[in-house]
Amino acid sequence: MAKDNLIRFDSQARLREKALAYLEDVDAFLSDIDRAVPLLLQVLKGSTDDDVKQQIILLLGGFAKRQVAFPLLELMCDAGQSEELRHHAAIQLSVTASFLEAPDALVDSLIGQLNHPDPQHRANATFALGWEGNHRAAVALVEKLFDPSTEVQQAAVNALANLRDDRILDLLLDRLGHGSVDQQRAILFNLWRFYSRREQVLSVYRDYLNHPDPALRLDALILMSTVSETADEVPFYIQRLKDNQERIRELALERLEDLAAEDLAAVADHIRPLLSDSSGKVRQAAVRLLARVSAKFS
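Another aspect to go through is the overall build of the protein chain. From N to C terminus, the protein chain includes 19 helices and 0 strands. Its C-alpha radius of gyration of 25 Å places the protein chain more than 25% over the 19 Å reference for a compact globule of 298 residues. Once the C-alpha set of the protein chain is aligned to its principal axes, its extents read approximately 85 × 45 × 35 Å. Counting only residues that meet the buried cut, the protein chain has 46% of its 298 residues in that class. Restricting the contact set of the protein chain to residue pairs at least 6 apart, pairs at least 24 apart contribute 61%. For the protein chain, the centre of its 34 positive side-chain charges and the centre of its 45 negative side-chain charges are spaced 2 Å apart.

Laid out in structure tokens, this is it:
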């Protein structure tokens, strides 16, 4: 019995050694891919080292998409794995699945996981369904916007945005007006993906700069720069210099640093009052901006 254990241990050790060699040398993996993929899948299933598993997931997800899709699904659904690894598998699955020629069976399997009693499990399955062109999952993902779990709702927002379908924007904007604060934040952080409706998205960010919730105001301020240049939004940044939240005032000043000195000079009168701001960080940011103006025109 001890001998059998030794043989099994030696076999696992050799598999791991070969797996690590492939992970360290992608060229070797590619030149021996027919043997490497089954070996890595075996190690992925039997290893207890999450770091090695994550490396295998990335390698196989990039080069062996068809063979790895269902093993990733199995890993994502395995309650014996760590939450981090299961989530990592879900992320890679959403990437890998987008390259499959016939993903219908995978989509059906993932949709079947959306009503699992564990919210983390549902969130992973929801996230995994979000890839460009996966319109087949759209209805099921919309339903997850109303899931009892906030985490699942946020995963649904991400997945719907990842479908890259501009028709989804109207739905998300409707939820923006009715969802929880957490869901609103998730939606705001995904609106920039709708490139063809940039002006509408920009209008939403501008409106949220006046939202009563300071966290949402800050999010809008952060995200506005993803769809518009600082020079085009100067009046909105100036407006936030009077915000009652220190971080928002500081960030507005940071955005104004993008301006040329002559453009800063035009708004210097709005910056000077912040030299006596209650926040040291805000005062320092104001000093930096005004120093640039002085250096330019002295």
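Picking up where we left off.
Those residues of helix H7 (residues 104-111) that sit buried are Leu106, Val107 and Leu110. Buried residues of H7, seen end-on, are gathered within an arc of 100 degrees and therefore sit on one face of the element. In this fold, the buried residues of H7 make contact with helix H5 (65-77), helix H6 (83-96) and helix H8 (119-128).

Tallied over the entire structure, the rule returns 3 aromatic pairs. Among the aromatic side chains, those forming a connected cluster through ring pairs are Tyr22, Phe29 and Phe63. The lysine or arginine in question, Lys65, covers the ring of Phe99, its NZ or CZ lying 4.7 Å from the ring centre.

With respect to the secondary-structure elements, Met76 resides in helix H5. Taking the C-alpha atoms as reference points, Met76 and Ala252, separated by 176 residues in sequence, lie 41 Å from one another.

Those residues of helix H11 (residues 168-178) that fall on the buried side of the exposure criterion are Ile168, Leu169, Leu172, Arg175 and Leu176. Down the axis of H11, the smallest arc covering the buried residues is 125 degrees, so these residues share one side. Of the residues in H11, the exposed ones pointing more than 90 degrees away from the buried face are Gly177 and His178. Next to the buried residues of H11 lie helix H10 (150-162), helix H12 (181-188) and helix H13 (198-208).

All right, on to the layout of surface pockets then. By volume, the largest pocket amounts to about 170 Å³. If you trace the largest pocket, you find it lined by Leu41, Gln42, Leu44, Lys45, Pro71, Glu74, Leu75, Asp78 and Gln81. Those elements that place two or more of their residues in the lining of the largest pocket are helix H3 (33-46) and H5. The leading source of residues in the lining of the largest pocket is H3, at 4 residues.

On to the packing of H11 against H13, then. Between H11 and H13, whose axes approach to 12 Å, the crossing angle comes to 10 degrees. Considering the angle they form, H11 stands roughly parallel to H13. Listed contacts from H13 to Leu169, Asp170, Leu173 and Leu176 of H11 are Gln200, Val201, Val204 and Tyr208. Tallied by class, residues from the contact of H11 with H13 come to 6 nonpolar, 1 polar and 1 charged.

This part is about the pattern of salt bridges. Evaluated as defined, the whole model comprises 17 salt bridges. Here Asp108 ties to Arg136 by a salt bridge, and the two come within 2.8 Å at their closest N and O atoms. Note that Asp108 is positioned in helix H7 and Arg136 in the loop between H8 and helix H9 (138-144), a separation of 28 residues in sequence. On the basis of relative accessibility, which here comes to 44%, the residue Arg136 falls in the partly exposed class.

On the surface, a cluster of nonpolar side chains totalling about 230 Å² of accessible area is made up of Val26, Leu30 and Phe63. Topologically, Leu30 is positioned in helix H2 (residues 26-31).

The phi torsion at Arg164 lies on the positive side, around 60 degrees, for a residue other than glycine. Here Arg164 lies in the loop between H10 and H11. Take Arg164: its relative accessible area is 33%, and that puts it in the partly exposed class.

A few words on the environment of Phe99. Relative to the assigned elements, Phe99 resides in the loop between H6 and H7. A relative accessible area of 54% places Phe99 in the exposed class. Put simply, Phe99 and Ser294 are 195 residues apart on the chain and 55 Å apart in space, counted from C-alpha to C-alpha.

About the cut-offs
- Residues numbered from 1 in each chain as written.
- Predicted model: local features only at pLDDT ≥ 70, side-chain atom pairs only at ≥ 80, totals over all residues.
- Heavy atoms only, no water.
- Helix = DSSP H or I, 4+ residues; strand = E, 2+ residues; numbered from the N terminus.
- Rg over C-alpha atoms; globule rule 2.2 N^0.38 Å.
- Buried < 20%, exposed > 50% of the residue type's maximum accessible area, 1.4 Å probe, protein only.
- Contact = heavy atoms within 4.5 Å.
- Lys, Arg positive; Asp, Glu negative; His and termini not counted.
- Charge placed at Lys NZ, Arg CZ, Asp CG, Glu CD.
- Arc of directions from axis to C-beta.
- Phe/Tyr/Trp six-rings, centres within 6.5 Å; stacked < 30°, edge-to-face > 60°.
- Lys NZ or Arg CZ within 6 Å of the ring centre and 35° of its normal.
- 1 Å grid on protein atoms, 1.4 Å probe; cavity = no way out; pocket = protein on both sides within 12 Å on 5 of 7 lines; lining within 4 Å.
- Points joined across faces, edges and corners; volume = space filled by probe spheres on them.
- Axes fitted to C-alpha atoms, helices over the stretch in contact; angles between N-to-C directions.
- Parallel < 35°, antiparallel > 145°, perpendicular 65-115°, else oblique.
- Nonpolar A, V, L, I, M, F, W, Y, C, P; charged D, E, K, R; others polar.
- Salt bridge = Lys/Arg side-chain N within 4 Å of Asp/Glu carboxyl O.
- Patch = residues over 30% accessible without salt bridge, like charges linked within 9 Å, V, L, I, M, F, W, Y side chains within 5 Å.
- Areas by Shrake-Rupley, 256 points an atom, 1.4 Å probe, with all protein chains shown as cover.

No statement about biological role is implied by the geometric values presented.
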